[in-house]
Amino acid sequence: GPARWEEEITTKGSLGKTKGAYVVDTLKCPEQTAWNAWMRPVGFDFFSDGKRAAISTWNGDVWIVSGIDDSLEKLTWKRFASGLYEPLGLVIRNDEVFVIGYDQLTRLNDLNGDGEADFYENFNNDAITYPRCYTLCLSTDSKGNFYTIRNGNRAPENVPQHGCIHRISADGSKLEVFATGLRSANGLGIGIDDVVACSDQEGNWTPASRIDFLKQGEFVGYRPHAHLDPVPDYKLPVCWLPKSFDNSPGDLVQVPADEKRWGPLAGAWLGTSYGQCRLYLVMHEEIEGVMQGGVVELPLSFSSGIMRTRLNPRDGQLYLAGLKGWQTRGALDSGLFRVRYTGKPLNMPVQVRAQSNGIAIHFSDELDRELAEDETSYQVQRWNYIYSSKYGSPEVTLDDEKKQGRDEVEIASAALSKNGKIVHLEIKDMKPAMQMMIKMNLESEKGETVKHEVYITVHHVAE
(Lines give C-alpha, C1' and ligand atoms only; values in the text may rest on other atoms or scores of the structure.)
Protein backbone atom coordinates (compact mmCIF):
# COMPACT_ATOMS: atom_id res chain seq x y z
CA GLY A 1 0.00 0.00 0.00
CA PRO A 2 0.98 3.67 -0.19
CA ALA A 3 3.22 5.27 2.43
CA ARG A 4 1.36 6.65 5.43
CA TRP A 5 4.14 8.70 7.04
CA GLU A 6 5.73 10.63 4.21
CA GLU A 7 6.92 13.50 6.38
CA GLU A 8 10.59 13.34 7.33
CA ILE A 9 12.15 15.12 10.32
CA THR A 10 15.66 16.51 10.40
CA THR A 11 17.83 17.16 13.44
CA LYS A 12 21.42 18.24 13.95
CA GLY A 13 23.79 16.28 16.16
CA SER A 14 26.60 17.73 18.24
CA LEU A 15 30.21 16.69 18.76
CA GLY A 16 31.62 16.36 22.25
CA LYS A 17 34.49 18.54 23.40
CA THR A 18 35.98 16.78 26.42
CA LYS A 19 39.75 16.26 26.53
CA GLY A 20 40.00 12.55 27.29
CA ALA A 21 40.64 9.43 25.25
CA TYR A 22 36.91 9.07 24.54
CA VAL A 23 34.32 11.74 23.90
CA VAL A 24 30.49 11.65 23.76
CA ASP A 25 28.79 12.90 20.60
CA THR A 26 24.99 13.35 20.63
CA LEU A 27 22.65 12.29 17.83
CA LYS A 28 19.67 14.50 18.59
CA CYS A 29 16.30 12.74 18.58
CA PRO A 30 13.19 14.61 17.35
CA GLU A 31 11.37 16.38 20.15
CA GLN A 32 8.07 16.67 18.28
CA THR A 33 6.49 14.77 15.40
CA ALA A 34 3.33 15.16 13.35
CA TRP A 35 1.89 12.08 15.09
CA ASN A 36 2.81 13.06 18.68
CA ALA A 37 5.08 10.02 18.80
CA TRP A 38 7.04 9.84 22.05
CA MET A 39 10.71 9.28 21.19
CA ARG A 40 12.06 7.00 23.92
CA PRO A 41 14.62 4.63 22.32
CA VAL A 42 14.68 1.07 23.67
CA GLY A 43 16.44 -0.78 20.85
CA PHE A 44 18.55 0.02 17.82
CA ASP A 45 20.96 -1.39 15.26
CA PHE A 46 22.82 -0.36 12.11
CA PHE A 47 22.26 -1.29 8.51
CA SER A 48 25.31 -2.64 6.71
CA ASP A 49 26.31 0.78 5.33
CA GLY A 50 26.68 2.19 8.85
CA LYS A 51 25.07 5.44 7.72
CA ARG A 52 21.55 4.37 8.70
CA ALA A 53 20.09 2.86 11.85
CA ALA A 54 16.69 1.52 12.91
CA ILE A 55 15.47 2.61 16.35
CA SER A 56 12.52 1.17 18.27
CA THR A 57 10.68 3.21 20.90
CA TRP A 58 8.95 2.11 24.08
CA ASN A 59 5.57 3.24 22.72
CA GLY A 60 5.80 0.92 19.73
CA ASP A 61 7.37 2.75 16.78
CA VAL A 62 10.38 1.96 14.64
CA TRP A 63 12.21 4.86 12.99
CA ILE A 64 14.96 4.91 10.39
CA VAL A 65 17.58 7.60 10.96
CA SER A 66 20.00 8.35 8.12
CA GLY A 67 22.91 10.74 7.69
CA ILE A 68 25.05 9.16 10.43
CA ASP A 69 28.46 10.46 9.43
CA ASP A 70 31.45 11.98 11.18
CA SER A 71 29.90 15.47 11.44
CA LEU A 72 26.28 14.55 12.36
CA GLU A 73 25.27 17.83 10.69
CA LYS A 74 22.01 16.49 9.21
CA LEU A 75 20.15 13.51 10.62
CA THR A 76 16.96 12.52 8.81
CA TRP A 77 14.26 10.56 10.63
CA LYS A 78 11.44 8.59 8.96
CA ARG A 79 8.79 6.51 10.67
CA PHE A 80 9.12 2.90 9.49
CA ALA A 81 6.58 1.01 11.63
CA SER A 82 4.11 1.59 14.46
CA GLY A 83 1.69 -0.26 16.73
CA LEU A 84 4.24 -2.72 18.11
CA TYR A 85 3.83 -4.00 21.68
CA GLU A 86 6.73 -2.61 23.72
CA PRO A 87 9.54 -3.52 21.27
CA LEU A 88 12.35 -3.44 23.86
CA GLY A 89 14.98 -4.91 21.58
CA LEU A 90 15.91 -4.56 17.90
CA VAL A 91 18.40 -6.30 15.60
CA ILE A 92 19.20 -5.81 11.94
CA ARG A 93 20.29 -9.07 10.30
CA ASN A 94 21.19 -9.07 6.60
CA ASP A 95 19.64 -5.59 6.43
CA GLU A 96 16.28 -6.92 7.67
CA VAL A 97 14.77 -5.36 10.80
CA PHE A 98 13.68 -7.64 13.68
CA VAL A 99 12.07 -6.44 16.91
CA ILE A 100 11.21 -8.34 20.08
CA GLY A 101 8.04 -7.28 21.83
CA TYR A 102 5.83 -8.48 24.64
CA ASP A 103 4.03 -10.70 22.14
CA GLN A 104 6.54 -12.06 19.62
CA LEU A 105 9.68 -11.70 17.52
CA THR A 106 8.59 -9.70 14.47
CA ARG A 107 10.33 -9.27 11.13
CA LEU A 108 9.44 -5.96 9.48
CA ASN A 109 9.22 -6.27 5.70
CA ASP A 110 9.21 -3.30 3.33
CA LEU A 111 7.66 -5.03 0.31
CA ASN A 112 7.50 -2.08 -2.08
CA GLY A 113 10.68 -0.23 -1.06
CA ASP A 114 8.97 3.00 0.02
CA GLY A 115 10.75 3.19 3.38
CA GLU A 116 7.86 1.81 5.47
CA ALA A 117 7.15 -1.68 6.72
CA ASP A 118 4.17 -3.20 4.87
CA PHE A 119 4.17 -6.70 6.39
CA TYR A 120 4.69 -7.28 10.11
CA GLU A 121 5.70 -10.94 10.04
CA ASN A 122 5.39 -13.20 13.08
CA PHE A 123 8.88 -14.72 13.04
CA ASN A 124 8.43 -16.60 16.35
CA ASN A 125 5.78 -16.41 19.09
CA ASP A 126 6.59 -19.58 21.07
CA ALA A 127 7.25 -17.64 24.29
CA ILE A 128 4.66 -17.83 27.07
CA THR A 129 3.35 -14.39 28.08
CA TYR A 130 2.19 -13.16 31.47
CA PRO A 131 0.94 -9.66 32.44
CA ARG A 132 3.55 -7.03 33.37
CA CYS A 133 6.51 -9.27 32.48
CA TYR A 134 8.66 -7.60 29.87
CA THR A 135 10.60 -9.22 27.07
CA LEU A 136 13.81 -7.22 26.75
CA CYS A 137 16.99 -7.03 24.69
CA LEU A 138 17.70 -8.67 21.36
CA SER A 139 21.07 -9.93 20.12
CA THR A 140 22.31 -12.44 17.57
CA ASP A 141 25.24 -14.84 17.56
CA SER A 142 27.57 -15.72 14.69
CA LYS A 143 25.08 -18.30 13.37
CA GLY A 144 22.19 -15.83 13.25
CA ASN A 145 20.37 -17.21 16.32
CA PHE A 146 18.46 -14.65 18.40
CA TYR A 147 18.79 -14.16 22.16
CA THR A 148 16.31 -12.30 24.35
CA ILE A 149 15.19 -12.16 28.01
CA ARG A 150 11.74 -12.88 29.44
CA ASN A 151 11.69 -11.35 32.93
CA GLY A 152 10.64 -13.33 35.98
CA ASN A 153 9.75 -10.57 38.41
CA ARG A 154 5.97 -10.47 39.11
CA ALA A 155 5.30 -13.77 37.34
CA PRO A 156 4.13 -16.73 39.48
CA GLU A 157 6.58 -19.59 39.89
CA ASN A 158 4.46 -21.96 37.82
CA VAL A 159 4.57 -19.76 34.71
CA PRO A 160 7.12 -21.40 32.38
CA GLN A 161 9.91 -19.71 30.42
CA HIS A 162 9.96 -16.61 32.64
CA GLY A 163 13.13 -15.42 34.34
CA CYS A 164 15.01 -16.92 31.40
CA ILE A 165 17.22 -16.11 28.46
CA HIS A 166 15.60 -17.46 25.31
CA ARG A 167 17.43 -18.55 22.19
CA ILE A 168 15.42 -18.51 18.97
CA SER A 169 16.83 -20.39 16.00
CA ALA A 170 18.02 -18.41 13.01
CA ASP A 171 15.03 -19.50 10.93
CA GLY A 172 12.54 -18.72 13.71
CA SER A 173 11.28 -22.28 13.94
CA LYS A 174 12.41 -23.10 17.49
CA LEU A 175 12.64 -21.38 20.90
CA GLU A 176 14.66 -22.91 23.73
CA VAL A 177 15.60 -21.77 27.23
CA PHE A 178 19.31 -20.91 27.38
CA ALA A 179 19.63 -19.95 31.09
CA THR A 180 17.27 -19.57 34.08
CA GLY A 181 16.98 -17.63 37.31
CA LEU A 182 16.90 -14.03 36.06
CA ARG A 183 14.83 -11.61 38.09
CA SER A 184 14.55 -8.33 36.17
CA ALA A 185 17.34 -8.38 33.63
CA ASN A 186 17.64 -5.53 31.13
CA GLY A 187 21.05 -6.24 29.67
CA LEU A 188 22.42 -8.73 27.16
CA GLY A 189 25.39 -9.01 24.83
CA ILE A 190 26.97 -11.63 22.57
CA GLY A 191 30.76 -11.40 22.49
CA ILE A 192 33.67 -12.98 20.69
CA ASP A 193 33.21 -16.76 20.23
CA ASP A 194 29.50 -16.26 21.00
CA VAL A 195 30.03 -15.67 24.72
CA VAL A 196 26.66 -14.71 26.25
CA ALA A 197 26.87 -11.86 28.76
CA CYS A 198 23.95 -10.68 30.88
CA SER A 199 23.19 -8.19 33.66
CA ASP A 200 20.44 -8.42 36.27
CA GLN A 201 19.02 -5.90 38.75
CA GLU A 202 18.92 -5.94 42.54
CA GLY A 203 15.82 -7.37 44.19
CA ASN A 204 14.48 -10.61 45.66
CA TRP A 205 17.09 -13.36 45.52
CA THR A 206 19.39 -10.81 43.86
CA PRO A 207 21.24 -9.05 46.71
CA ALA A 208 22.90 -6.59 44.34
CA SER A 209 22.96 -6.01 40.61
CA ARG A 210 25.27 -8.43 38.87
CA ILE A 211 27.13 -9.20 35.64
CA ASP A 212 27.47 -12.73 34.26
CA PHE A 213 29.07 -14.63 31.42
CA LEU A 214 26.71 -17.58 30.92
CA LYS A 215 26.72 -21.08 29.49
CA GLN A 216 23.64 -22.99 28.45
CA GLY A 217 21.64 -24.45 31.34
CA GLU A 218 23.09 -22.28 34.11
CA PHE A 219 20.98 -20.93 37.00
CA VAL A 220 21.67 -17.27 37.78
CA GLY A 221 20.02 -17.04 41.21
CA TYR A 222 16.37 -15.90 41.15
CA ARG A 223 14.82 -18.95 42.81
CA PRO A 224 11.14 -18.44 41.85
CA HIS A 225 12.16 -19.02 38.22
CA ALA A 226 14.91 -21.58 38.53
CA HIS A 227 12.67 -24.08 36.68
CA LEU A 228 14.86 -26.80 38.22
CA ASP A 229 14.13 -29.41 40.87
CA PRO A 230 15.95 -29.37 43.17
CA VAL A 231 17.06 -25.76 42.89
CA PRO A 232 20.87 -25.75 42.70
CA ASP A 233 23.30 -23.23 44.15
CA TYR A 234 23.33 -20.09 42.06
CA LYS A 235 26.10 -19.38 39.60
CA LEU A 236 28.71 -16.99 40.95
CA PRO A 237 28.70 -13.72 38.97
CA VAL A 238 31.70 -12.17 37.30
CA CYS A 239 31.05 -9.27 39.64
CA TRP A 240 28.44 -7.71 41.89
CA LEU A 241 27.61 -4.02 41.48
CA PRO A 242 26.99 -1.82 44.53
CA LYS A 243 23.85 0.29 44.29
CA SER A 244 25.87 3.52 44.43
CA PHE A 245 27.68 2.46 41.26
CA ASP A 246 24.80 0.95 39.29
CA ASN A 247 21.29 0.22 40.50
CA SER A 248 19.95 -0.68 37.05
CA PRO A 249 22.45 -2.12 34.53
CA GLY A 250 21.76 -2.44 30.81
CA ASP A 251 23.42 -4.12 27.84
CA LEU A 252 26.98 -5.39 27.66
CA VAL A 253 29.16 -5.26 24.57
CA GLN A 254 32.56 -6.65 23.62
CA VAL A 255 34.60 -4.57 21.21
CA PRO A 256 36.27 -6.80 18.59
CA ALA A 257 39.95 -7.33 19.38
CA ASP A 258 40.97 -6.12 15.92
CA GLU A 259 38.84 -2.95 16.05
CA LYS A 260 41.78 -0.59 16.46
CA ARG A 261 39.64 2.40 15.49
CA TRP A 262 38.21 2.30 19.03
CA GLY A 263 41.61 2.64 20.63
CA PRO A 264 43.17 0.86 23.62
CA LEU A 265 39.92 -0.81 24.72
CA ALA A 266 39.67 -2.97 21.60
CA GLY A 267 38.78 -6.47 22.79
CA ALA A 268 37.32 -5.23 26.08
CA TRP A 269 33.87 -5.80 27.55
CA LEU A 270 31.84 -2.72 28.48
CA GLY A 271 28.66 -2.34 30.50
CA THR A 272 25.96 0.31 30.54
CA SER A 273 24.01 1.82 33.41
CA TYR A 274 20.43 2.85 32.86
CA GLY A 275 20.06 3.91 36.48
CA GLN A 276 23.28 5.92 36.86
CA CYS A 277 23.80 6.94 33.19
CA ARG A 278 27.28 5.40 33.03
CA LEU A 279 29.48 3.46 30.67
CA TYR A 280 32.04 1.24 32.38
CA LEU A 281 34.80 -1.21 31.62
CA VAL A 282 34.14 -4.81 32.72
CA MET A 283 37.41 -6.50 33.72
CA HIS A 284 37.62 -10.25 34.29
CA GLU A 285 39.93 -13.14 35.03
CA GLU A 286 39.46 -16.88 35.54
CA ILE A 287 40.77 -18.65 38.66
CA GLU A 288 40.09 -22.33 39.41
CA GLY A 289 37.56 -22.42 36.60
CA VAL A 290 35.52 -19.53 38.05
CA MET A 291 35.22 -16.15 36.37
CA GLN A 292 35.59 -13.04 38.51
CA GLY A 293 36.37 -9.41 37.92
CA GLY A 294 35.23 -5.86 38.37
CA VAL A 295 34.17 -2.56 36.86
CA VAL A 296 35.53 0.95 36.52
CA GLU A 297 33.65 3.90 35.06
CA LEU A 298 34.79 5.68 31.92
CA PRO A 299 34.89 9.43 32.69
CA LEU A 300 31.97 10.33 30.42
CA SER A 301 28.60 11.99 30.91
CA PHE A 302 25.20 11.03 29.47
CA SER A 303 21.93 12.95 29.69
CA SER A 304 19.62 9.92 29.77
CA GLY A 305 19.72 6.38 31.06
CA ILE A 306 21.72 4.24 28.63
CA MET A 307 20.94 0.58 28.08
CA ARG A 308 21.43 -0.48 24.43
CA THR A 309 24.77 -0.73 22.60
CA ARG A 310 25.92 -1.25 19.03
CA LEU A 311 29.23 -0.88 17.20
CA ASN A 312 28.96 0.90 13.87
CA PRO A 313 30.52 -1.06 10.98
CA ARG A 314 31.32 2.17 9.13
CA ASP A 315 33.36 4.08 11.71
CA GLY A 316 34.12 1.40 14.33
CA GLN A 317 32.79 3.59 17.17
CA LEU A 318 30.42 2.61 20.00
CA TYR A 319 26.85 3.94 19.90
CA LEU A 320 24.46 3.92 22.88
CA ALA A 321 20.71 4.43 23.19
CA GLY A 322 18.48 5.01 26.18
CA LEU A 323 15.62 6.89 27.72
CA LYS A 324 14.01 8.22 30.85
CA GLY A 325 11.20 5.81 31.65
CA TRP A 326 11.48 4.41 35.15
CA GLN A 327 13.98 5.28 37.90
CA THR A 328 17.13 6.89 36.52
CA ARG A 329 19.40 9.88 37.08
CA GLY A 330 18.89 10.77 33.44
CA ALA A 331 17.22 14.10 32.74
CA LEU A 332 16.05 13.61 29.12
CA ASP A 333 13.36 11.31 27.73
CA SER A 334 15.53 10.20 24.83
CA GLY A 335 19.20 9.65 24.23
CA LEU A 336 21.28 8.46 21.28
CA PHE A 337 25.03 8.84 21.67
CA ARG A 338 28.34 8.01 20.00
CA VAL A 339 31.39 7.31 22.14
CA ARG A 340 34.32 8.23 19.90
CA TYR A 341 38.01 7.54 20.39
CA THR A 342 40.14 10.69 20.18
CA GLY A 343 43.63 9.19 20.19
CA LYS A 344 44.58 10.72 23.56
CA PRO A 345 45.89 8.70 26.53
CA LEU A 346 43.30 6.66 28.46
CA ASN A 347 44.89 6.93 31.93
CA MET A 348 42.75 4.39 33.74
CA PRO A 349 42.85 0.85 35.17
CA VAL A 350 42.24 -1.83 32.54
CA GLN A 351 42.65 -5.04 34.58
CA VAL A 352 42.59 -6.08 38.24
CA ARG A 353 43.92 -9.41 39.49
CA ALA A 354 43.31 -10.86 42.95
CA GLN A 355 46.39 -12.55 44.41
CA SER A 356 47.14 -14.31 47.69
CA ASN A 357 49.15 -11.34 48.97
CA GLY A 358 47.09 -8.48 47.54
CA ILE A 359 45.81 -6.91 44.35
CA ALA A 360 47.56 -6.20 41.05
CA ILE A 361 46.10 -3.26 39.12
CA HIS A 362 47.07 -2.90 35.46
CA PHE A 363 46.90 0.58 33.92
CA SER A 364 46.69 1.74 30.33
CA ASP A 365 49.52 4.27 30.68
CA GLU A 366 52.62 4.84 32.77
CA LEU A 367 52.13 6.28 36.25
CA ASP A 368 54.06 8.76 38.32
CA ARG A 369 56.17 6.48 40.50
CA GLU A 370 56.19 8.57 43.68
CA LEU A 371 52.40 8.72 43.98
CA ALA A 372 51.89 5.14 42.74
CA GLU A 373 54.18 3.75 45.47
CA ASP A 374 52.62 5.83 48.25
CA GLU A 375 50.07 3.59 49.99
CA THR A 376 48.15 6.67 51.15
CA SER A 377 47.19 7.24 47.49
CA TYR A 378 44.74 4.34 47.86
CA GLN A 379 41.78 3.30 49.97
CA VAL A 380 40.48 -0.27 50.02
CA GLN A 381 37.23 -1.51 51.54
CA ARG A 382 35.42 -4.84 51.33
CA TRP A 383 32.04 -6.28 52.27
CA ASN A 384 29.54 -9.03 51.55
CA TYR A 385 25.85 -9.26 50.67
CA ILE A 386 23.10 -11.56 51.97
CA TYR A 387 21.41 -13.82 49.42
CA SER A 388 17.76 -14.11 50.49
CA SER A 389 14.14 -13.61 49.46
CA LYS A 390 14.26 -10.05 50.78
CA TYR A 391 14.55 -7.15 48.36
CA GLY A 392 18.27 -6.48 47.92
CA SER A 393 20.77 -6.66 50.74
CA PRO A 394 22.59 -4.33 53.10
CA GLU A 395 26.35 -4.20 52.96
CA VAL A 396 27.64 -6.47 55.74
CA THR A 397 31.08 -7.20 57.15
CA LEU A 398 32.96 -10.31 56.07
CA ASP A 399 33.12 -11.89 59.51
CA ASP A 400 29.58 -11.14 60.72
CA GLU A 401 26.64 -10.79 58.33
CA LYS A 402 24.56 -9.34 61.18
CA LYS A 403 26.88 -6.34 61.29
CA GLN A 404 26.20 -3.80 58.57
CA GLY A 405 28.99 -1.77 57.00
CA ARG A 406 32.27 -2.11 55.17
CA ASP A 407 35.59 -3.42 56.42
CA GLU A 408 38.52 -1.05 56.03
CA VAL A 409 41.50 -2.89 54.54
CA GLU A 410 45.05 -2.06 55.55
CA ILE A 411 47.51 -1.62 52.69
CA ALA A 412 50.95 -2.79 53.79
CA SER A 413 52.78 -1.40 50.75
CA ALA A 414 52.37 -0.26 47.15
CA ALA A 415 54.88 -1.17 44.43
CA LEU A 416 55.01 -0.09 40.79
CA SER A 417 56.39 -2.39 38.09
CA LYS A 418 59.42 -1.47 36.00
CA ASN A 419 57.27 -0.55 33.03
CA GLY A 420 55.27 1.85 35.22
CA LYS A 421 51.88 0.29 34.41
CA ILE A 422 51.19 -2.28 37.14
CA VAL A 423 50.63 -1.44 40.80
CA HIS A 424 50.74 -4.19 43.38
CA LEU A 425 48.95 -3.37 46.63
CA GLU A 426 50.13 -5.67 49.40
CA ILE A 427 47.25 -6.82 51.63
CA LYS A 428 48.37 -9.27 54.30
CA ASP A 429 44.92 -10.73 55.03
CA MET A 430 43.76 -10.95 51.41
CA LYS A 431 40.70 -13.20 51.13
CA PRO A 432 37.52 -13.67 49.08
CA ALA A 433 34.87 -10.96 49.29
CA MET A 434 31.65 -10.41 47.38
CA GLN A 435 32.65 -6.76 46.94
CA MET A 436 35.85 -4.76 47.20
CA MET A 437 36.31 -1.07 46.46
CA ILE A 438 39.71 0.27 45.45
CA LYS A 439 39.87 4.06 45.37
CA MET A 440 42.96 5.71 43.91
CA ASN A 441 44.21 9.27 43.48
CA LEU A 442 47.26 9.14 41.19
CA GLU A 443 48.90 10.91 38.29
CA SER A 444 50.27 9.66 35.02
CA GLU A 445 53.95 9.99 34.25
CA LYS A 446 52.99 13.08 32.21
CA GLY A 447 51.17 14.68 35.16
CA GLU A 448 47.56 13.93 34.15
CA THR A 449 45.05 13.00 36.84
CA VAL A 450 44.36 9.28 37.32
CA LYS A 451 41.50 9.23 39.83
CA HIS A 452 39.16 6.23 39.82
CA GLU A 453 37.06 3.89 41.93
CA VAL A 454 37.24 0.20 41.02
CA TYR A 455 34.70 -2.34 42.30
CA ILE A 456 35.66 -6.01 42.13
CA THR A 457 34.35 -9.38 43.26
CA VAL A 458 36.86 -11.90 44.62
CA HIS A 459 35.74 -15.54 44.63
CA HIS A 460 39.29 -16.94 44.66
CA VAL A 461 42.81 -15.54 45.04
CA ALA A 462 45.66 -16.65 42.79
CA GLU A 463 48.90 -17.96 44.26
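This text goes with the structure placed above it.
Keep in mind it's a predicted model, so treat the numbers as computed, not measured.

Draft legend 1. Region of interest: the overall build of the protein chain. Across its full length, the protein chain holds one helix and 33 strands. Out of the 463 residues in the protein chain, the part that is buried amounts to 58%. Counting only carbon and sulfur atoms, one obtains 45% of the accessible surface of the protein chain, whose full area is about 19,100 Å². Side chains of the protein chain carry 50 positive and 64 negative charges; the gap between the two charge centres is 3 Å.

Draft legend 2. The arrangement of the sheet that holds strand β27 (residues 358-363) in detail. The strand order β26-β27-β31-β30 describes an open sheet built from four strands, whose pairing is antiparallel. Edge positions in the sheet fall to β26 (349-355) and β30 (413-416), since each of these pairs with one other strand and no more. For this sheet, the mean angle separating the axes of adjacent strands, direction not counted, is 15°. Relative to strand β31 (residues 422-426), β30 runs antiparallel, the two sharing four bridges. Each residue of the ladder has a partner; that of Ser413, found in β31, is Glu426.

Draft legend 3. Representation of the pairing of strand β13 (residues 164-168) in the model. For β13, a buried count of five out of five residues is recorded, marking the element as mostly surrounded by other parts of the structure. Residues of β13 alternate between two faces, with Cys164, His166 and Ile168 on one and Ile165 and Arg167 on the opposite face, all of them buried. Pairing of strand β12 (residues 146-150) with β13 involves five bridges; the strand directions are antiparallel. Paired with Arg150 across the bridge in β13 is Cys164.

Draft legend 4. Region of the structure containing the pairing of strand β14 (residues 175-180). Looking at chain direction, β13 and β14 are connected through five bridges and run antiparallel. Across the sheet, residue His166 finds its bridge partner in β14, namely Val177. Following β13, the chain reverses through six residues before pairing antiparallel with β14; Gly172 in that reversal takes a positive phi of roughly 80°.

Draft legend 5. Summary view of the sheet that holds strand β5 (residues 62-66). The five strands are arranged β1-β6-β5-β4-β3 in an open sheet whose pairing can be described as antiparallel. The outermost strands of the open sheet, each flanked by one partner alone, are β1 (9-11) and β3 (41-46). With direction set aside, neighbouring strand axes in the sheet form an average angle of 30°. Where β1 meets strand β6 (residues 75-81), three bridges bridge the pair, whose relative direction is antiparallel. From the neighbouring strand, Thr10 faces β6, where its bridge partner is Thr76.

Draft legend 6. Seen up close, the nonpolar core. Among the nonpolar cores identified, the biggest contains 51 residues, and Leu279, Phe302 and Ile438 are the most heavily contacted of them. Look past the residues within four positions of Ile438 in its chain and what remains in contact with it is Val352, Ile359, Ile361, Gln379, Val380, Leu425, His452, Glu453, Val454 and Ile456. If you look at the next biggest cluster of nonpolar residues, it comprises 22 residues, including Cys239, Leu241, Trp383 and Tyr385.

Draft legend 7. Highlighting the state of the cysteines. Tallied over the entire structure, the rule returns zero disulfides. With no disulfide partner, Cys137 has as its closest neighbouring cysteine sulfur the one in Cys198, 7.1 Å distant. With no disulfide of its own, Cys164 lies 11 Å from the sulfur of Cys198, the closest cysteine sulfur.

Draft legend 8. Spatial organisation of the pattern of salt bridges. Throughout the structure, instances matching the rule amount to 26 salt bridges. Ionic pairing is found between Asp61 and Arg79, a salt bridge with its closest N-O pair at 3.0 Å. Of this pair, Asp61 sits in the loop between β4 (52-57) and β5 while Arg79 sits in strand β6, and the two are 18 residues apart along the sequence. Judged on exposure class, the residue Asp61 and its partner Arg79 are both buried. Close ionic contact of Arg314 with Asp70 constitutes a salt bridge, the shortest N to O distance being 3.4 Å. Taken together, the positions of Arg314 in the loop between β23 (305-311) and β24 (318-323) and Asp70 in the loop between β5 and β6 put the pair 244 residues apart, joining distant regions of the chain. We classify Arg314 as partly exposed; its relative accessible area is 25%. For Asp70, a relative accessible area of 54% gives the class exposed.

Draft legend 9. Region of interest: the packing of aromatic side chains. A complete count under the given rule lists 20 aromatic pairs for this structure. Their ring planes at 75° and their centres at 5.0 Å tell us that Phe98 and Phe123 sit as a pair that is edge-to-face. Placement of the pair is Phe98 in strand β8 (residues 96-100) and Phe123 in strand β10 (residues 119-124), with a sequence separation of 25 residues. Just as Phe98 is buried, Phe123 falls in that class too. With a centroid separation of 6.2 Å and an interplanar angle of 75°, the aromatic rings of Tyr234 and Trp240 are classed as edge-to-face. Put simply, the rings of Trp205, Tyr234, Trp240, Tyr385 and Tyr387 pair up and form one aromatic cluster.

Cut-off values and rules
Residues numbered from 1 in each chain as written. Predicted model: local features only at pLDDT ≥ 70, side-chain atom pairs only at ≥ 80, totals over all residues. Heavy atoms only, no water. Helix = DSSP H or I, 4+ residues; strand = E, 2+ residues; numbered from the N terminus. Buried < 20%, exposed > 50% of the residue type's maximum accessible area, 1.4 Å probe, protein only. Areas by Shrake-Rupley, 256 points an atom, 1.4 Å probe, with all protein chains shown as cover. Lys, Arg positive; Asp, Glu negative; His and termini not counted. Charge placed at Lys NZ, Arg CZ, Asp CG, Glu CD. Pairing = 2+ DSSP bridges. Axes fitted to C-alpha atoms, helices over the stretch in contact; angles between N-to-C directions. Core = buried A, V, L, I, M, F, W, Y, C linked by side-chain atoms within 4.5 Å. Contact = heavy atoms within 4.5 Å. Disulfide = S-S within 2.5 Å. Salt bridge = Lys/Arg side-chain N within 4 Å of Asp/Glu carboxyl O. Phe/Tyr/Trp six-rings, centres within 6.5 Å; stacked < 30°, edge-to-face > 60°.

Keep in mind these numbers describe shape, not what the thing actually does.
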